[in-house]
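Descriptive analysis of the structure
Given next are the chains, with one letter for each unit.
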Amino acid sequence: MGLSRWHTLVAALWAGITCGFLYTYGTFGTALKDKFDLGTQSSTISTAQVAIGLITFTSGLLTDRIGVGPTLLVGAAVNTGSWLVFGAIANGFFTVPAPVVWFSLLACCATWGGACVTAAVFTVLAKNFVGQSAAPIGIAKAWVGV
C-alpha cells in the first residue's frame, strides 16, 4: 500500500503535538521560579520564547535550502535536545551558573527547533494538497500545542 496525502496529514498532527511543548511553560514556570528562586526573572524565560518568534522565519528559509527531511530532523533534534537539557537542569542533574540565562536560551532553541518541524510539515502539506492546502494546514496548526 502506498502513502496517500492523508497519511502526511496524520503525520503532521503528531509533529504538531510535539512542537507545542513551548506553550506548557505556564504549567511548570511557577515550580521553576520557586526551585531556583528566580523572582521576577522567571518572566524572562517566557518572554524569550516569544521574542525568538521574530526570527523563526529562518526555519522556512532552511526548509527551502536543505529540504523537508533534513529540516525536520534538525528541528526535532534541536527541539528535543533543548527540552531534555532544560529538564536535566530543572531536576538538578547538573547545576549551571545563571539558570535564567540557560533556561531562556534553551527555550529559544526549542522554539526555533519547533518552528523548523512546523515549516517542514506545512511544506509537505502544501505540496500534497495543492489547491486545497488551507484546511489541512489549518488542522495541523490547530494541533500545535494541543
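Conventions used here
- Within each chain, residues carry numbers counting from 1 in the order of the written sequence.
- For a predicted model such as this one, the threshold for reporting local features is a pLDDT of at least 70, and the threshold for listing and counting side-chain atom pairs is 80 or more; totals across whole chains, interfaces and linings nevertheless cover every residue.
- Excluding hydrogens and water, the side-chain values take into account all heavy atoms of the structure.
- Numbered from the N terminus, helices here are DSSP runs of H or I no shorter than four residues, and strands are runs of E no shorter than two.
- Relative accessibility decides the category of a residue: with a 1.4 Å probe and only protein chains considered, values under 20% of the type maximum give buried, values over 50% give exposed, and everything between is partly exposed.
- Contacts are residue-level and defined by heavy atoms, with any inter-residue pair within 4.5 Å sufficient.
- Convention adopted: a line fitted to C-alpha atoms gives each axis, helices being fitted over their contacting stretch, and angles between N-to-C directions are expressed from 0 to 180 degrees.
- Our angle categories are set so that under 35 degrees counts as roughly parallel, over 145 as roughly antiparallel, 65 to 115 as roughly perpendicular, and the remainder as oblique.
- Two helices cross in a left-handed way if the nearer one is turned anticlockwise from the farther one by less than a right angle. They cross in a right-handed way if the turn is clockwise.
- Residues are grouped as follows: nonpolar covers Ala, Val, Leu, Ile, Met, Phe, Trp, Tyr, Cys and Pro; charged covers Asp, Glu, Lys and Arg; every other residue, Gly included, is treated as polar.
- We call Phe, Tyr and Trp rings a pair once their centres come within 6.5 Å, taking the six-membered ring for Trp, and we label the pair stacked below 30 degrees between planes, edge-to-face above 60, and tilted otherwise.
- The pLDDT value expresses, per residue, how confident the predictor is, ranging between 0 and 100.
- It is the directions from the helix axis to the C-beta atoms whose arc is reported.

**Concerning the environment of Val96**
- Here Val96 is to be found in the loop between helix H5 (68-90) and helix H6 (99-128).
- Val96 sits in the buried class, given a relative accessible area of 16%.
- Leaving out residues up to four positions away in the same chain, Val96 has contacts with Ile89 and Trp102.

**With respect to the packing of helix H1 (residues 5-19) against helix H7 (residues 134-143)**
- Closest axis-to-axis distance for the H1/H7 pair is 7 Å, and the angle between their directions is 30°. Classed by the angle they form, the pair H1 and H7 counts as roughly parallel. Crossing handedness for the pair H1 and H7: right-handed. Contacts between H1 and H7 pair Leu9, Ala12, Leu13, Gly16 and Ile17 from the former with Pro136, Ile139, Ala140 and Trp143 from the latter.
- Grouping the constituent residues of the contact of H1 with H7 by class yields eight nonpolar, one polar and no charged.

**Structural notes on the packing of aromatic side chains**
- Applying the stated criterion to the full structure yields three aromatic pairs.
- Ring centres 5.3 Å apart and planes at 80° place the aromatic pair Phe36 and Phe103 in the edge-to-face group. Here Phe36 is found in the loop between helix H2 (25-35) and helix H3 (42-51), whereas its partner Phe103 is found in helix H6, with 67 residues between them in sequence.
- Since its relative accessible area comes to 23%, Phe36 is described here as partly exposed.
- Grouping aromatic residues by their ring pairs yields a cluster made of Phe36, Trp83, Phe86 and Phe103.

**Comments concerning the environment of Lys35**
- Counting through the fold element by element, Lys35 comes out in helix H2.
- Sequence-wise, Lys35 and Ala90 are 55 residues apart; in three dimensions their C-alpha atoms are separated by 8.2 Å.
- Discounting residues that sit within four places of it in the chain, Lys35 has contacts with Ala90, Asn91 and Gly92.

**Focus: the confidence of the model for the chain**
- Scored by pLDDT, the chain has a mean of 86; 95% of the residues are at 70 or more.
- In the model of the chain, H1 stands out as the element of lowest mean pLDDT, 76, in contrast to helix H4 (residues 57-66), which has the highest, 96.

**A word on H2**
- Turning to H2, its buried residues are Tyr25, Gly29 and Leu32. Taken down its axis, H2 places every buried residue within 75° of arc, on the same side. Of the exposed residues in H2, the ones pointing more than 90 degrees away from its buried face are Thr27, Thr30, Asp34 and Lys35.
- As for H2, its buried residues are in contact with H3, H5 and H6.
- With its phi angle positive at about 50°, Asp37 sits one or two positions after the end of H2.

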